[in-house]
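Spelled out from the first residue to the last, the chains are:
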Amino acid sequence: MIAALKFLHLGTMLAWCAALIALPVLMAVYGDTWRDGRQGAAQARYAEFRLMTHYGYIGFATPAAIISIAAGTALIFAAGVFDLWFVAKLALVCGMVLVHAWLGQMILISGEKRGRARLPHSLIALALALPLMAGVLWLVLAKPDLSGLAQWLPAFMLTPRGAL
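Okay, so let's go over this structure.

Procedures and definitions
Residues numbered from 1 in each chain as written. Predicted model: local features only at pLDDT ≥ 70, side-chain atom pairs only at ≥ 80, totals over all residues. Heavy atoms only, no water. Helix = DSSP H or I, 4+ residues; strand = E, 2+ residues; numbered from the N terminus. Buried < 20%, exposed > 50% of the residue type's maximum accessible area, 1.4 Å probe, protein only. Contact = heavy atoms within 4.5 Å. Areas by Shrake-Rupley, 256 points an atom, 1.4 Å probe, with all protein chains shown as cover. Core = buried A, V, L, I, M, F, W, Y, C linked by side-chain atoms within 4.5 Å. Phe/Tyr/Trp six-rings, centres within 6.5 Å; stacked < 30°, edge-to-face > 60°. Axes fitted to C-alpha atoms, helices over the stretch in contact; angles between N-to-C directions. Parallel < 35°, antiparallel > 145°, perpendicular 65-115°, else oblique. Left-handed = near helix turned anticlockwise from the far one by under 90°. Polar contact = N/O pair within 3.5 Å; in protein donor to acceptor, adjacent residues only side chain to side chain. Expected span 1.5 Å × (residues − 1).

Looking only at helices and strands, one finds four helices and zero strands in the protein. Each helix and strand of the protein, ordered N terminal to C terminal, gives the series α-α-α-α. Per-residue burial over the protein gives 34% buried out of 164 residues. Taking as baseline every contact in the protein between residues at least 6 positions apart, the subset at least 24 positions apart corresponds to 79%. Working note: accessible area of the protein is about 10000 Å², and carbon and sulfur atoms make up 72% of it.

Okay, here's the thing in structure tokens:
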């Protein structure tokens, strides 16, 4: 059971991270190519841009994120992981969720305004996502002893509750 959950979590996490890398690059590179002045060609390129970003986000990135988070949540309780490094990993995953939502907002605005809106450059999302992904990978592989950071946490966070 735990091996299957780990496999599902790892596979969908890789897909989600790939989408968090590909979507900003796609928006940065492909998003400007449809503004060339020729109406017919520009419309065709814009339609391709919208389909790729919309279905990449709705059909690939979001399902991968949801399945990854659900499998990871199940894995928490199946494997009984309640260490301090894991709390740090969850904080970084929350940052990845925020970048994911921001990319969705930029894709939505680019569709509604047809590129006329002044959006922040999409590579900023990539610059935010890459350190978060690297931090998650490091925390999972190294499982560092973060007990030295416990002195900075409030006491209620360090006291076991219930049967723990």
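Our focus in this paragraph is the nonpolar core. Judged by nonpolar contacts, the single largest core of 26 residues is most densely connected at Met 13, Trp 16, Leu 20, Met 96 and Leu 103. Contributing elements (two or more residues each) for this core: α1 (2-30), α2 (39-79), α3 (84-112) and α4 (123-142). Not counting the four nearest positions on each side in its chain, Met 96 is found in contact with Met 13, Trp 16, Cys 17, Leu 20, Leu 132, Met 133 and Val 136. With five residues, the next largest nonpolar core counts Ile 76, Phe 86, Leu 139 and Leu 146 among its residues.

On to unusual backbone geometry, then. In this structure, Lys 143 is a non-glycine residue whose phi angle is positive, near 45 degrees. Relative to the assigned elements, Lys 143 resides in the segment after α4.

What follows is about the packing of aromatic side chains. How two aromatic rings sit relative to each other is given by the distance of their centres and the angle of their planes. For the structure shown, the criterion picks out two aromatic pairs. Aromatic pair Trp 85 and Phe 86: ring centres 5.7 Å apart, planes at 90 degrees, arrangement edge-to-face. Just as Trp 85 is buried, Phe 86 falls in that class too.

Packed helices, taken two at a time, are described by their axes: the angle between them and the distance between them. Following both chains from N to C, one finds α1 and α4 inclined at 160 degrees, their axes separated by 9 Å at the closest point. Classified by the interaxial angle, the pair formed by α1 and α4 is roughly antiparallel. The hand of the α1/α4 crossing is left-handed. On the side of α1, the interface is formed by Met 13, Cys 17, Leu 20, Ile 21, Pro 24, Val 25 and Ala 28, while α4 contributes Leu 123, Ala 125, Leu 126, Ala 129, Leu 130, Met 133 and Val 136.

The subject of this paragraph is the side chain of His 100. Here His 100 lies in helix α3. A distance of 3.1 Å separates the side chain of His 100 from the side chain of Thr 62, its partner in a polar contact. Ignoring any residue separated from it by four or fewer positions in sequence, one finds His 100 in contact with Trp 16, Leu 20, Tyr 57, Ala 61, Thr 62 and Ala 65.

For α4, spanning 20 residues, the distance from its first C-alpha to its last is 28 Å, which sits close to the expected 28 Å at 1.5 Å a residue. Along α4, the positions that sit buried rather than exposed are Ala 125, Leu 126, Ala 129, Leu 132, Met 133, Gly 135, Val 136 and Leu 139. Looking at the buried side of α4, the elements it contacts are α1 and α3. Directly after α4, the chain includes Lys 143, whose backbone phi takes a positive value near 45 degrees.

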